[in-house]
Every structure is written in C-alpha cells, then in structure tokens.
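Here is what each chain is made of, one letter per residue.
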Amino acid sequence: EAATWREYESHLRLRLVPAFGQLKLRQITRARIEAYVAREHASGKVGAKTINNSLIPLRQILARAVRDGIIASNPAAATSRDDSLKLPYEFPRMQHLDREQARDYLAACSDDYRPLAELLIATGLRIGEAVALEWGDIDLDALTLRVSRSWKLGGTVGTPKTDRARVVHIDP
C-alpha cells in the first residue's frame, strides 16, 4: 500500500539511515540494533510503537540480505518470544463519541456530509471503507454491509486495512 511505503520510507530517512547508513550490512549486529532501540527510546522523541515500527523495514532489508547471501543471519529477527526487539507499549484506548457528542456532531454536519457521518457513527467504518461501498454491498433484508474495498490515497481502491472482507450489521 502507498501509505505503508511512505511510512517505511520515513523510518529509513529519519531513523535507520542516520543510525545504520554508514555501516556495511555485516556490521549491523544485534547489539547495534539493541543500542539503536535504547537510544531512540531514551531520547523520548518518539514512542515505543514508532520505534517498533521502524524495525519492520530494517528486518525486511536484513532478511533480503540473508536471501541474497550477503549476510548469514538476520540480526533483527527474533529467535524466540523472549528474544524480541520490540519495546512494550499499551494499545491506545479507543475513544468513541457518546450520544450527546454524536448528536452535536451530526447537527453541525452539512446536508451533503450528514449521510456519510451517520454511516460512520453507526457502523464504525473507516472513511475509506465507507466511500468505497457500492449498492451491491448492502443487504437490506439481512441488515448488513459487506466491507471488501477501501478507497486509498491517490484515488485507488484496494482492500480494507486488514486485507480481509467483513460483514457489518446495521440498524434498521
């Protein structure tokens, strides 16, 4: 996905190249990666999730180097659950509008936007999923929506975030 590519590129430019760009691949060791994680965490500039996410393209680059025979093993790969480089973090708690907030929000919506706003509030769909819906996705007898597409940045339509279709129940 384009958004994933942009995120990986950002991690490379802002974090990984400054930390490892001057090294040859065989010089990137587990200890250097652990030091990078510790330094980033101690700086307090980014959160644990961002640091963990920055390891994804690093792990992929090193896995490719293993496949190409450039290095023997991937120092960023976990050999067991206890060997993970990931920092612990708490998933943020979802914040939902209460009835009064939803009512106020809908009252402030323009007539053109209100049907979409009602759909988003009622179903919890992502905006890209809602705007990619087609009439065939709606089953009024079963009161369901089939979510199998999502509008992406750049105007393309792809799969939903989880890469899996799902059925969402709707209220009459």
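These numbers were taken from a predicted model, which means no experiment stands behind them.

Scoring rules and cut-offs
Residues numbered from 1 in each chain as written. Predicted model: local features only at pLDDT ≥ 70, side-chain atom pairs only at ≥ 80, totals over all residues. Heavy atoms only, no water. Phe/Tyr/Trp six-rings, centres within 6.5 Å; stacked < 30°, edge-to-face > 60°. Buried < 20%, exposed > 50% of the residue type's maximum accessible area, 1.4 Å probe, protein only. Axes fitted to C-alpha atoms, helices over the stretch in contact; angles between N-to-C directions. Helix = DSSP H or I, 4+ residues; strand = E, 2+ residues; numbered from the N terminus. Parallel < 35°, antiparallel > 145°, perpendicular 65-115°, else oblique. Left-handed = near helix turned anticlockwise from the far one by under 90°. Contact = heavy atoms within 4.5 Å. Nonpolar A, V, L, I, M, F, W, Y, C, P; charged D, E, K, R; others polar. Pairing = 2+ DSSP bridges.

Caption draft 1: Representation of the packing of aromatic side chains within the structure. The final tally for this structure, using the stated rule, is 2 aromatic pairs. With 6.4 Å between their ring centres and 85 degrees between their planes, Y105 and Y113 make a pair best called edge-to-face. Judged by relative accessible area, which is 36%, Y105 ranks as partly exposed.

Caption draft 2: Inspection of the packing of helix α1 (residues 2–20) against helix α2 (residues 30–43) at higher detail. Relative to each other, α1 and α2 sit at 130 degrees, their axes nearing to 11 Å. Accordingly, the angle class assigned to the pair α1 and α2 is oblique. Remark: the crossing between α1 and α2 carries right-handed chirality. Of α2, the residues touching α1 (which contributes R15, L16, A19 and F20) are R32, I33, Y36, R39 and E40.

Caption draft 3: Summary view of the packing of α2 against helix α3 (residues 48–67). Closest axis-to-axis distance for the α2/α3 pair is 11 Å, and the angle between their directions is 160 degrees. The angle between the axes of α2 and α3 places the two elements in the roughly antiparallel class. In terms of crossing hand, the pair formed by α2 and α3 is right-handed. Judged by residue contacts, I33, Y36, V37, E40 and H41 of α2 engage I51, S54, L55, L58 and L62 from α3. Along the lines of polarity and charge, the residues of the contact of α2 with α3 split into 7 nonpolar, 2 polar and 1 charged.

Caption draft 4: Fine view of the sheet that holds strand β1 (residues 138–139). Ordered in space as β1-β2-β5, the 3 strands form an open sheet in which the pairing is antiparallel. Two strands close off the open sheet at either side, each with one partner strand: β1 and β5 (166–169). For β1 and strand β2 (residues 144–147), the ladder comprises 2 bridges, and the chain directions are antiparallel. Along β2, the bridge assignment pairs I138 with L145.

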